[in-house]
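The residues making up each chain are set out below.
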Amino acid sequence: RSGFVAIVGRPNVGKSTLMNHILGQKISITSHKPQTTRHRILGIKSEGDLQVIYVDTPGLHLQAKKAVNRYMNRAASSSLSDVDLILFVLEAGRWTDEDENVLLQLKNARAPVMAVVNKVDRLNEKNELLPYLAKLGQRHAFDEVLPVSALKGDNIGALEAVVEKR
Ligand code: GDP
Ligand code: MG
């Protein structure tokens, strides 16, 4: 068995960090600077007879005026059409127009969408998380919503368990 999982989200939400953590190696370059990932990066994780192929996408850009941004948008959206599961990565407590734009593009995707609420380690008040997750669920009928910290590795095991079930 094998499945394709696309990791999407606006720049800087932690897509590459998440992929590296899942794979246990630094396959995708991470940086505090946006636009570090310019191509699609594939990573394969084998678990028993299951092979999960992760696709780390460049961030989707709201205003693709520059050619390089248009190129990255194309690379990101073409990876959406042909996958089994979409991990929509966003930052806990920080929702921007760019997130809204990514969400818009996901409306056309056939695969189930899982909202991965990243950087929960940065929340000062842990009890802010629940209302935030509830609000998120009102924006879109996500198939799953999971808070994680890609940097610290919190809840990544739970995320992988969900991925394996799908
Ligand atoms: P991408 O553009 O979505 O691929 O984002 P990156 O993976 O390159 O990460 C962008 C920045 O966010 C980097 O400085 C990461 O170290 C940081 N980052 C990623 N995940 C987390 C997290 O869970 N917690 C915190 N505090 N920082 C994170
Ligand atoms: Mg990246």
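These figures come from a predicted structure and were not determined experimentally.

**Looking at the overall build of the protein chain**
- What the protein chain contains, in helices and strands, is five helices and six strands.
- For the protein chain, the proportion of its 166 residues judged to be buried stands at 48%.
- Long-range contacts, defined here as pairs at least 24 residues apart, represent 66% of the contacts in the protein chain between residues at least 6 apart.
- For the protein chain, the accessible surface area stands at approximately 8700 Å², while carbon and sulfur atoms represent 48% of it.

**Observations concerning the pairing of strand β5 (residues 113-118)**
- Counting buried residues in β5 gives six out of six residues, a clear majority hidden from the surface.
- In β5, alternate side chains face the same way, and those of V113, A115 and V117 on one face and M114, V116 and N118 on the other are all buried.
- Relative to β5, strand β4 (residues 85-91) runs parallel, the two being bridged by six bridges. Looking across to β5, one finds that F88 is bridged to A115.
- Traced from β4 through helix α3 (residues 97-106) to β5, the parallel crossover comes out right-handed.
- In this sheet, strand β6 (residues 144-147) lies alongside β5 in parallel orientation, the contact comprising four bridges. Bridging across to β6, V117 finds its partner in P147.

**Quick look at the sheet that holds β4**
- Ordered by their spatial adjacency, six strands build an open sheet running β2-β3-β1-β4-β5-β6, and the pairing between neighbours is mixed. The open sheet has two edge strands with one neighbour each: β2 (41-47) and β6. Within this sheet the neighbouring strands show an average axis-to-axis angle of 25°, counted without direction.
- Along the sheet, α3 makes contact with β1 (2-8), β4 and β5, crossing β4 at roughly 170°.
- Seen against the sheet, helix α5 (residues 156-165) touches β1, β2, β3 (50-56), β4, β5 and β6 and runs at an angle of roughly 115° to β3.

**Overview of α5**
- The complete set of buried residues in α5 reads I156, L159, E160, V162 and V163. The buried side chains of α5 occupy one side of the element, clustering within an arc of 160° when seen end-on. Residues of α5 that are exposed and angled more than 90 degrees away from the buried face: G157 and K165.

**Some details on empty space enclosed by the protein**
- Summed over the entire model, instances satisfying the criterion amount to one cavity of 30 Å³ or more.
- Taken as a whole, the largest cavity holds about 30 Å³ of empty space.
- Considering the residues around the largest cavity, the lining is formed by K45, E47, V52, Y54, E160, V163 and E164.
- Listing elements by their share of the lining of the largest cavity, those giving two or more residues are β2, β3 and α5.
- Here the lining of the largest cavity is built from residues that sort into three nonpolar, no polar and four charged.

**With respect to the side chain of N118**
- Among the secondary structure elements, N118 is positioned in strand β5.
- Within the structure, N118 has its side chain in polar contact with the backbone nitrogen of A150 (distance 2.8 Å).
- For N118, the contacting residues outside a window of four places in its chain are V13, G14, V89, L90, E91, A92, V148, S149 and A150.

**Re the site of ligand 1**
- As a matter of local geometry, ligand 1 sits amid 17 residues, with N12, K15, S16, T17 and D121 nearest to it.
- Measuring from an oxygen atom of ligand 1, one finds a side-chain N or O atom of K15 at 2.7 Å.
- The contact in question runs from an oxygen atom of ligand 1 to an N or O atom on the side chain of N118, over 3.1 Å.
- The protein chains hide 87% of the 580 Å² of surface that ligand 1 would expose on its own.
- Looking at the shell around ligand 1, the element that brings in the most residues is helix α1 (residues 15-23), giving three residues.
- Taken together, the residues of the shell around ligand 1 sort by class into four nonpolar, nine polar and four charged.

Thresholds, definitions, all that
- Residues numbered from 1 in each chain as written.
- Chains lettered and ligands numbered in written order.
- Predicted model: local features only at pLDDT ≥ 70, side-chain atom pairs only at ≥ 80, totals over all residues.
- Heavy atoms only, no water.
- Helix = DSSP H or I, 4+ residues; strand = E, 2+ residues; numbered from the N terminus.
- Buried < 20%, exposed > 50% of the residue type's maximum accessible area, 1.4 Å probe, protein only.
- Contact = heavy atoms within 4.5 Å.
- Areas by Shrake-Rupley, 256 points an atom, 1.4 Å probe, with all protein chains shown as cover.
- Pairing = 2+ DSSP bridges.
- Right-handed = clockwise from strand over helix to strand, strands pointing away.
- Axes fitted to C-alpha atoms, helices over the stretch in contact; angles between N-to-C directions.
- Arc of directions from axis to C-beta.
- 1 Å grid on protein atoms, 1.4 Å probe; cavity = no way out; pocket = protein on both sides within 12 Å on 5 of 7 lines; lining within 4 Å.
- Points joined across faces, edges and corners; volume = space filled by probe spheres on them.
- Nonpolar A, V, L, I, M, F, W, Y, C, P; charged D, E, K, R; others polar.
- Polar contact = N/O pair within 3.5 Å; in protein donor to acceptor, adjacent residues only side chain to side chain.
- Near = heavy atom within 4 Å.

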